[in-house]
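Here is how the chains run, residue by residue.
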Amino acid sequence: MAGASIAVASDHAGFDLKELLKRDLQQAGYDVLDLGTNSTASVDYPDFGKAMADAIASGQVARGVLVCGTGIGISIAANRNPKVRAALVHDETSARLSREHNDANVVAFGQRLIGTETARAALKVFLNTEFAGGRHAGRVAKLSKD
Ligand code: RB5
């Protein structure tokens, strides 16, 4: 997917990892939309989860990367939008399965929980793994129903 548009967003507790992953994405040739935050000054993660959800739901980007302290709050916020399938990922295996089984369109990391190199490797896997379809397709379709 290199060359495609991808959004990144974090709160203050995910800012450093968000910046690092943004740089990796830019170096890999992605067109990166940075939705903030822009410093380590305290902010509220729901605002950034919603900004990501809006960017995905509007079609502005097809994929997103979220970071907060744990990855939990910001993924909960993004997943309130039925067009978002944000997966909280801890390693390369969860990154791969979030794509193969869940067709996740957003990956979330917890900066306070995941090692930097693990996050970088997991993001690569997330972006380079296709949805497996088949028995998973109907299940994923149910996620978007009311
Ligand atoms: C911020 O202190 C922290 O609560 C936030 O980054 C996140 O971990 C919430 O789920």
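Reading guide: rules and limits
Residues numbered from 1 in each chain as written. Predicted model: local features only at pLDDT ≥ 70, side-chain atom pairs only at ≥ 80, totals over all residues. Heavy atoms only, no water. Core = buried A, V, L, I, M, F, W, Y, C linked by side-chain atoms within 4.5 Å. Buried < 20%, exposed > 50% of the residue type's maximum accessible area, 1.4 Å probe, protein only. Helix = DSSP H or I, 4+ residues; strand = E, 2+ residues; numbered from the N terminus. Contact = heavy atoms within 4.5 Å. Near = heavy atom within 4 Å. Polar contact = N/O pair within 3.5 Å; in protein donor to acceptor, adjacent residues only side chain to side chain. Areas by Shrake-Rupley, 256 points an atom, 1.4 Å probe, with all protein chains shown as cover. Nonpolar A, V, L, I, M, F, W, Y, C, P; charged D, E, K, R; others polar. Pairing = 2+ DSSP bridges. Axes fitted to C-alpha atoms, helices over the stretch in contact; angles between N-to-C directions. Expected span 1.5 Å × (residues − 1). Arc of directions from axis to C-beta. Salt bridge = Lys/Arg side-chain N within 4 Å of Asp/Glu carboxyl O.

When you look at the nonpolar core in this model, what are you seeing that I'm missing?
In globular proteins that are soluble, nonpolar side chains generally tend to be buried together. By size, the foremost hydrophobic cluster in this structure holds 23 residues, and its most contacted members are Leu17, Leu25, Val65, Phe109 and Leu123. Secondary-structure elements contributing two or more residues to this core are strand 1 (5-10), helix 1 (15-27), strand 3 (63-68), strand 5 (106-110) and helix 5 (116-128). At six residues, the largest contribution of residues to this core is made by helix 5. In this structure Leu25 touches Ile6, Val8, Tyr30, Val32, Val65, Leu123 and Leu127, once residues within four positions along its chain are discounted.

I tried to follow the site of the ligand on my own but got confused; where do I start?
Looking at the ligand, the residues that line it are Asp11, His12, Ala13, Tyr45, Cys68, Gly69, Thr70, Gly73 and Arg112. Interatomic distance of 2.6 Å between a side-chain N/O atom of Asp11 and an oxygen atom of the ligand. Between the ligand and Thr70 there is a distance of 3.0 Å, counted from an oxygen atom to a backbone nitrogen or oxygen. Relative to its unbound accessible area of 300 Å², the ligand is 73% covered by the protein chains. In terms of residue class, the shell around the ligand is built from three nonpolar, four polar and two charged.

Looking at this model, I keep getting lost on the sheet that holds strand 3. Mind explaining?
Across a sheet, paired strands are connected by hydrogen bonds in the backbone, their directions being either parallel or antiparallel. Reading across from one edge, 2-1-3-5-4 is the order of the five strands in this open sheet, with parallel pairing throughout. Strands with a single pairing partner mark the edges of an open sheet, and in this sheet they are strand 2 (31-34) and strand 4 (86-88). Across the sheet, the axes of successive neighbouring strands diverge by a mean angle of 25°, strand direction being ignored. Direction of pairing for strand 3 relative to strand 5: parallel, over a ladder of five bridges. In the sheet register, Val65 faces strand 5, and the bridge partner there is Val107. Against the sheet, helix 1 contacts strand 1, strand 2, strand 3 and strand 5, and its axis sits at roughly 165° relative to strand 1. Taken strand by strand, helix 5 contacts strand 1, strand 3 and strand 5, and its axis lies near 170° from that of strand 5.

When you look at helix 2 (residues 45-57) in this model, what are you seeing that I'm missing?
Counted at 1.5 Å a residue, the expected span for helix 2 with its 13 residues is 18 Å, and the 18 Å between its end C-alpha atoms agrees. Taken together, the buried positions of helix 2 are Phe48, Gly49, Met52, Ala53, Ala55 and Ile56. Within helix 2, the buried residues cover an arc of 165° as seen down the axis, which keeps them to one side. Looking one or two places after helix 2, you find Gly59, whose phi comes out positive at around 85°.

Would you mind showing me how to read the pattern of salt bridges here?
One pass over the full model with this rule turns up ten salt bridges. Between Asp54 and Lys50 there is a salt bridge whose closest N-O contact spans 2.8 Å. With a gap of four residues between them, Asp54 and Lys50 both fall in helix 2, about one helical turn apart. The network of salt bridges with common partners includes Lys18, Glu19, Lys22 and Asp34.

Help me out: how do you make sense of the pairing of strand 3 in this one?
Looking along a regular strand, one sees side chains alternate from face to face of the sheet. Counting buried positions over the six residues of strand 3 gives six, a clear majority of the element. Relative to strand 3, strand 1 runs parallel, the two being bridged by five bridges. Each residue of the ladder has a partner; that of Ala9, found in strand 3, is Leu66.

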